[in-house]
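Reading the structure
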Amino acid sequence: MGSSRTTDRLVAELARRPTPGRRAAQTMLAGILRMPQEEAVRLARLILEVKKKTRACAGCFTLTEEELCPVCADPGRDRGVICVVEEPHDLAALEKARGHRGLYHVLGGVLSPLEGIGPDELRVRELLGRIREGGVREVLVATNPTLEGEATALYLGKQLKGLGVAVTRLARGVPVGGELEYLDEMTLAKAIENRREL
Ligand code: ZN
């Protein structure tokens, strides 16, 4: 596809984060260019609206339009079990699988020394803070079974030692290199059921 200064700028903006990356950003651009004008205006307005209304949940840091997300606000959830995930879409995938009845903690990524992402760039301190507040029996680490996800799980396991909580990890059955978002609900529900000690 040909490009212009503005399309180059848009692709660069879309591709700036580690995801979606340049290829996906170009596909998105192609989609945007094919849109009728009104649809493009609707999309632009929606982006602004999302920007204005969305914030991090005060409990688990997932994206929400309220102070607390529906999970944190639900009095029926088990506050003694915290499931740690990388991103809000992982939380959504686990919720769909309905295997977890506790709360969540969204890290905001994984440790990645190559990209300069250390513990301070993730919400590790906030996780430790939640556990020190008391009432948590178990932390289920549900980072993706990728190299970085495993390294992050091991790191968290070390940080959580001595805090008096059981630390578990999703069972295998989650394919190595796979991402939670793309797993079917049965596999995910099983992986939660068969979680193991970290
Ligand atoms: Zn929440």
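Shown above is the structure to which this text applies.
Criteria and thresholds
- Residues numbered from 1 in each chain as written.
- Predicted model: local features only at pLDDT ≥ 70, side-chain atom pairs only at ≥ 80, totals over all residues.
- Heavy atoms only, no water.
- Salt bridge = Lys/Arg side-chain N within 4 Å of Asp/Glu carboxyl O.
- Helix = DSSP H or I, 4+ residues; strand = E, 2+ residues; numbered from the N terminus.
- Buried < 20%, exposed > 50% of the residue type's maximum accessible area, 1.4 Å probe, protein only.
- Arc of directions from axis to C-beta.
- Contact = heavy atoms within 4.5 Å.
- Donors = N, O, S within 2.8 Å, 3.2 Å for Na, K, Ca; no water.
- Tetrahedral: all angles 85-135°; square planar, octahedral: opposite > 155°, others 65-115°.
- Pairing = 2+ DSSP bridges.
- Right-handed = clockwise from strand over helix to strand, strands pointing away.
- Axes fitted to C-alpha atoms, helices over the stretch in contact; angles between N-to-C directions.
- 1 Å grid on protein atoms, 1.4 Å probe; cavity = no way out; pocket = protein on both sides within 12 Å on 5 of 7 lines; lining within 4 Å.
- Points joined across faces, edges and corners; volume = space filled by probe spheres on them.
- Nonpolar A, V, L, I, M, F, W, Y, C, P; charged D, E, K, R; others polar.

So, about the pattern of salt bridges. Considering all chains together, one arrives at eight salt bridges under this definition. Between Glu67 and Arg55 there is a salt bridge whose closest N-O contact spans 3.6 Å. Of the two residues, Glu67 is situated in the loop between strand 2 (63–64) and helix 4 (70–73) and Arg55 in strand 1 (residues 55–56); the sequence distance between them amounts to 12 residues. On the basis of relative accessible area, Glu67 is assigned to the partly exposed category, the value being 48%. Using a relative accessible area of 40% as the deciding quantity, one classes Arg55 as partly exposed. Among the ionic pairs, Glu185 bridges to Lys96, the shortest N-O distance being 3.7 Å. With Glu185 in helix 8 (residues 185–193) and Lys96 in helix 5 (residues 88–97), this residue pair connects regions lying 89 residues apart in the sequence. With a relative accessible area of 56%, Lys96 lands in the exposed category.

Let us look at helix 6 (residues 124–132). Taken together, the buried positions of helix 6 are occupied by Val124, Leu127, Leu128, Arg130 and Ile131. The arc that holds every buried residue of helix 6, seen down its axis, measures 155°, which confines them to one face. The exposed set on the far side of helix 6, more than 90 degrees from its buried face, consists of Arg125 and Arg132. Residues of helix 6 that are buried make contact with strand 3 (78–85), strand 4 (102–106), strand 5 (138–141) and helix 7 (147–160). Among the residues trailing helix 6, Gly134 stands out with phi positive, at a value near 95°.

Further remarks concern the coordination of the zinc ion. Taken together, Cys57 (SG), Cys60 (SG), Cys69 (SG) and Cys72 (SG) make up the full set of protein donors to the zinc ion, lying 2.3 Å away. Classification of the site at the zinc ion as tetrahedral follows from its four donor atoms and the range of 105 to 114° in their angles at the metal. Ordering the donors of the zinc ion by residue number gives the pattern C-x2-C-x8-C-x2-C.

What follows deals with the pairing of strand 6 (residues 166–169). In terms of strand pairing, strand 5 meets strand 6 through four bridges, oriented parallel. When the bridges of strand 6 are listed, Leu140 appears paired with Thr168. Crossover strand 5 to strand 6 through helix 7 is right-handed. Here strand 6 pairs with strand 7 (residues 196–197) via two bridges, running antiparallel. Paired with Arg169 across the strands is Arg196, a residue of strand 7.

This part takes up the sheet that holds strand 6. Taken together, five strands build an open sheet; the order of strands is 4-3-5-6-7 and the sheet is mixed. For this open sheet the edge positions go to strand 4 and strand 7, each flanked by a neighbour on one side alone. Across the sheet, helix 5 is in contact with strand 3 and strand 4; its angle to strand 4 comes to roughly 160°. Against the sheet, helix 6 engages strand 3, strand 4 and strand 5, with an angle of about 150° to strand 4.

In this model, the second largest pocket occupies a volume close to 260 Å³. As for the second largest pocket, its lining consists of Leu10, Leu14, Pro20, Met28, Ile32, Leu33, Ala40, Leu43, Ala44 and Ile47. Elements represented by at least two residues in the lining of the second largest pocket include exactly helix 1 (5–15), helix 2 (21–34) and helix 3 (37–53). If one sorts the elements of the lining of the second largest pocket by residue count, helix 3 sits on top with four residues. Within the lining of the second largest pocket, the residues separate by chemical class into 10 nonpolar, no polar and no charged.

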